[in-house]
Amino acid sequence: MTPDLAPIRAFLDDRHHAIAEEAGRFAAERIAPLPEPPDDAAARVQAREILGLLGASGLLRHAIPAVPASWGGHRDEPDLRACCLVREALAAASPIADVVFAIQALGSMPITLAGSDALRERWLPEIAAGRAMAAFAMTEPEAGSDVSSLATTARRDGNAYVLDGRKSFISNAGIADLHAVFAATDPAAGNRGITCFLIPAGAPGLRFGGAQVLSAPHPLGELVFEGCRVPEENRLGGEGEGFKVGMRTLDRLRPTVAAAACGMAARALAEALAHARRRRQFGKTLAEHQLIQEKLAIAATDLTAARLLTYRAAWELDHGAPRGTVESAMAKVFATETAQRVIDAAIQILGGRGVLAENPVER
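Residues numbered from 1 in each chain as written. Predicted model: local features only at pLDDT ≥ 70, side-chain atom pairs only at ≥ 80, totals over all residues. Heavy atoms only, no water.

Caption draft 1: Molecular detail of the overall build of the protein. Along the protein, the regular secondary structure elements total 8 helices and 10 strands. When the backbone C-alpha atoms are referred to their principal axes, the protein occupies close to 80 × 40 × 40 Å. Counting all 363 residues of the protein, 52% fall into the buried class. Taking all contacts inside the protein whose residues are at least 6 apart in sequence as the whole, residues at least 24 apart take part in 70%. Accessible area for the protein stands at about 15400 Å²; split by element, carbon and sulfur atoms hold 53% of it. Computed over 39 positive and 43 negative side-chain charges, the inter-centroid distance for the protein is 3 Å. (Helix = DSSP H or I, 4+ residues; strand = E, 2+ residues; numbered from the N terminus. Buried < 20%, exposed > 50% of the residue type's maximum accessible area, 1.4 Å probe, protein only. Contact = heavy atoms within 4.5 Å. Areas by Shrake-Rupley, 256 points an atom, 1.4 Å probe, with all protein chains shown as cover. Lys, Arg positive; Asp, Glu negative; His and termini not counted. Charge placed at Lys NZ, Arg CZ, Asp CG, Glu CD.)

Caption draft 2: Highlighting the pattern of salt bridges. Applying the stated criterion to the full structure yields 23 salt bridges. Here Asp40 and Arg44 are joined by a salt bridge, their closest N and O atoms 2.8 Å apart. Of this pair, Asp40 and Arg44 both sit in helix α2 (residues 40-57), 4 residues apart, which is roughly one turn of the helix. As far as burial versus exposure is concerned, Asp40 and Arg44 are alike and both buried. Residues joined in a network through salt bridges with shared partners are Asp13, Arg15, Asp79, Arg81 and Asp318. (Salt bridge = Lys/Arg side-chain N within 4 Å of Asp/Glu carboxyl O.)

Caption draft 3: Spatial organisation of the packing of aromatic side chains. The full count for this structure, using the stated rule, is 2 aromatic pairs. Positioned above the aromatic ring of Trp123 is the side chain of Arg122, whose terminal nitrogen or guanidinium carbon lies 4.0 Å from the ring centre. Over the face of the ring belonging to Phe334 we find Arg341, whose NZ or CZ atom lies 5.8 Å from the ring centre. (Phe/Tyr/Trp six-rings, centres within 6.5 Å; stacked < 30°, edge-to-face > 60°. Lys NZ or Arg CZ within 6 Å of the ring centre and 35° of its normal.)

Caption draft 4: Region of interest: the confidence of the model for the protein. Confidence along the protein averages 92 in pLDDT terms, with 96% of residues attaining 70 or more. Ignoring residues within four places in sequence, the model shows residues 71-76, a span with pLDDT below 50, making 21 contacts including any to other chains. (pLDDT = per-residue confidence, 0-100.)

Caption draft 5: Inspection of helix α5 (residues 117-128) at higher detail. Between its terminal C-alpha atoms α5 stretches 16 Å, which fits the 16 Å expected from 12 residues at 1.5 Å a residue. For α5, the secondary structure elements touched by its buried residues are α4 (95-114), β1 (134-137), β4 (178-184), β5 (194-200) and β8 (235-236). Phi turns positive one or two residues past the end of α5, at Gly130, with a value near 80°. (Expected span 1.5 Å × (residues − 1).)

Caption draft 6: Molecular detail of unusual backbone geometry. Look at Phe169: it is not a glycine, yet its phi comes out positive at around 55°. Tracing the chain through its elements places Phe169 in strand β3 (residues 160-171). Its identity as a non-glycine residue notwithstanding, Phe282 has a phi of 55°, on the positive side. Structurally, the position occupied by Phe282 is in the loop between β9 (280-281) and β10 (284-285). For Phe282, a relative accessible area of 79% translates into the label exposed.

In structure tokens, the structure reads:
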């Protein structure tokens, strides 16, 4: 489904209408017909398949915030609103397709922000074309929101670093071609001692630690570093600047998380509304019952508010806001909580149909 641009038109430029139409058409024609993967192994295969489809479509160009034309890119200025529109359309069709697109953005952002020209030229065009799958490796078993407590270390050894540690809850673990990895080069310095590295798959000392299976198919897992040697030129930013790189990455992409939540909520609302108009109970359609009307009205109101917060945050960042932390955080928290409420209301309206495995609302 193509995102409805009317409520957010004040935050969009003319080009965004064509992008939204392109993303909606691709999601409907190429993504929506894909079967739900039955298990983790199938999800990993489908993720690579979807990456190829996204690459061929050209939509992955919107996952890269700014790729100079000299590097095979399409623009020099950021356009997070385009990224939001694509995520909104993909999430409405398939959460796993949204994840594939999102992690391309998340894994490439540290390269965009802090990579050398050589690293940008080597990897950004490959990521934008869907020929290379990215990953973002920050979370650890004992370090989630508290990034300063990272236990993975990186010690200097001549013109290289040697990494030891474990990362968990990493999307695309085991299937990614490259990873933005955060490690402590000076553990005593807290977040000022964290450094970011670009580590390709197959690097000696890097291995897949195993899948972490969620209730819904998602290529999630652990990465293990055992004497993993990384050349100095693969460092993203200066030594000790990794925390700053990571936070800037998350700040910029939070609005796109909110956009994905809006896409899921919009799909659930559309399914609930269609069902309410069809289903008859007590002599009239569900849509004619006031309680159902109230649920639909509240859901539509919350969704509109969430989208306004989302595209306001993206607009601020596209127009030069240095971080946009507050706006991005507001959008993300409100949109994700809204999605939970809207989807729950949709399940209530659909009744037993809402929890059938083949139903879009259940997914």
